Amino acid sequence: ITAGPTREAIDPVRYISNHSTGKMGFAIAAACYSAGAKVTLISGPVTLDTPNGVRRKNVSSAIQMLDLSMQQLQDGCDIFIATAAVADYRVAEVAEQKIKKAGDELAVSLIKNPDIVATIAQQDQRPFMVGFAAETHNVEAYAADKLVAKKLDMIACNDVSRADIGFASDENAMTVFFADQYRIEKRDLEKASKQEIAQQLVEAIHDAITQKIKPV
Ligand code: C5P
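Residues numbered from 1 in each chain as written. Predicted model: local features only at pLDDT ≥ 70, side-chain atom pairs only at ≥ 80, totals over all residues. Heavy atoms only, no water.

1. What about the site of the ligand?
Okay, so step 1: Lining the immediate surroundings of the ligand are A82, T83, A84, V86, P114, D115, I116, V117, G131, F132, K146 and K150.
Okay, so step 2: The separation between an oxygen atom of the ligand and a polar main-chain atom of A84 is 2.7 Å.
Okay, so step 3: Residue K146 places a side-chain N or O atom 2.4 Å away from an oxygen atom belonging to the ligand.
Okay, so step 4: Protein contact buries 84% of the 450 Å² of open area that the ligand shows by itself.
Okay, so step 5: When residues of the shell around the ligand are traced back to their parent elements, those giving at least two are α3 (116-121) and β9 (128-135).
Okay, so step 6: For the shell around the ligand, the per-class residue count stands at seven nonpolar, two polar and three charged. (Near = heavy atom within 4 Å. Polar contact = N/O pair within 3.5 Å; in protein donor to acceptor, adjacent residues only side chain to side chain. Areas by Shrake-Rupley, 256 points an atom, 1.4 Å probe, with all protein chains shown as cover. Helix = DSSP H or I, 4+ residues; strand = E, 2+ residues; numbered from the N terminus. Nonpolar A, V, L, I, M, F, W, Y, C, P; charged D, E, K, R; others polar.)

Structure, rendered in structure tokens:
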């Protein structure tokens, strides 16, 4: 399970990041452990306690998160759940020394980060792949597109334009879509605590895995 934000260094004292708190990923880690899974949580910088029974590995940047995720794949992984809010871009050239204040403008060149969940999904012997989509509009259509584009088995999407759910909130509501080879197409998870949503997601993963349409 990846969780939290990533932090992309600009120089030794500054970085680019986002407001992800890691709450959803940590709740899913706890729910997976309760369901009997051996759980590794690859977390960006967050202020949460590690859930009971979960092995946690801390990372900072997207590249580090990808490296540890690939390593985890080698060590064995049946289900990969990507909840991390990975920075889309990183600084092209991280300054070795603190950038000093100079003119009125400062340009920092950014380059695209690798897509962690899509990279794992492309591997041979890939795990069951779960992704998340946080959107402000056309929520379901964008999520369905991402399911296909990133070659996921399942995607859980939420509407982050709603102030009462998502990001820093303690509650969430989601719609889950499944790839074509599963018997379930879509499932709505009603607004509930992130712990309850996490449990429902674990049940959805279980149902998908056990109801996979067998190739004839
Ligand atoms: O494309 P978008 O960022 O909306 O996709 C969200 C999903 O993809 C999440 O599951 C997120 O953890 C994953 N992701 C990733 N690596 C990235 C960007 C997103 O694993 N560089």
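2. Regarding the environment of A198
Okay, so step 1: In this structure, A198 sits in helix α5 (residues 194-210).
Okay, so step 2: Distance in space between the C-alpha atoms of A198 and I28 is 4.7 Å, their sequence separation being 170 residues.
Okay, so step 3: When sequence neighbours within four positions are dropped, the list of residues in contact with A198 reads M24, A27, I28 and A31. (Contact = heavy atoms within 4.5 Å.)

3. What about the pairing of strand β2 (residues 8-11)?
Okay, so step 1: With three bridges connecting them, β2 and strand β3 (residues 14-16) associate as antiparallel partners. Of the residues in β3, the one forming a bridge with D11 is R14. (Pairing = 2+ DSSP bridges.)

4. Examining the sheet that holds strand β5 (residues 55-58)
Okay, so step 1: In space, the three strands of this open sheet follow the order β1-β4-β5, with parallel pairing throughout. The open sheet terminates on both sides in strands that have one partner only, identified here as β1 (2-3) and β5.
Okay, so step 2: In the sheet, β1 pairs with strand β4 (residues 40-43) via two bridges, with the strands oriented parallel. Across the sheet, residue A3 finds its bridge partner in β4, namely S43.
Okay, so step 3: Seen against the sheet, helix α1 (residues 23-34) touches β1, β4 and β5 and runs at an angle of roughly 170° to β4.
Okay, so step 4: Packing of helix α2 (residues 62-75) onto the sheet brings it into contact with β1, β4 and β5, and relative to β4 it is tilted by some 165°. (Axes fitted to C-alpha atoms, helices over the stretch in contact; angles between N-to-C directions.)

5. A closer look at the sheet that holds strand β12 (residues 186-193)
Okay, so step 1: A sheet is described by the order of its strands in space; here five strands give the open sequence β6-β9-β10-β11-β12, paired in mixed fashion. The strands lining the two open edges of the sheet, one partner per strand, are β6 (79-81) and β12. Neighbouring strand axes in the sheet, compared pairwise and without regard to direction, differ in orientation by 20° on average.
Okay, so step 2: For strand β10 (residues 154-159) and strand β11 (residues 171-178), the ladder comprises four bridges, and the chain directions are antiparallel. Each residue of the ladder has a partner; that of C157, found in β11, is T175.
Okay, so step 3: Of the strands in this sheet, β9, β10, β11 and β12 are in contact with helix α4 (residues 139-149), which crosses β10 at around 155°.

6. Quick notes on the packing of aromatic side chains
Okay, so step 1: Enumeration over the complete set of coordinates arrives at one aromatic pair.
Okay, so step 2: Arranged with centres 5.6 Å apart and planes meeting at 80°, the rings of F128 and Y182 form a pair that is edge-to-face. Highlighted residues: F128 in strand β9 and Y182 in the loop between β11 and β12, separated in sequence by 54 residues.
Okay, so step 3: A relative accessible area of 6% places Y182 in the buried class.
Okay, so step 4: Seen from the ring of Y15, R7 lies directly overhead, with NZ or CZ sitting 4.2 Å from the centre. (Phe/Tyr/Trp six-rings, centres within 6.5 Å; stacked < 30°, edge-to-face > 60°. Buried < 20%, exposed > 50% of the residue type's maximum accessible area, 1.4 Å probe, protein only. Lys NZ or Arg CZ within 6 Å of the ring centre and 35° of its normal.)

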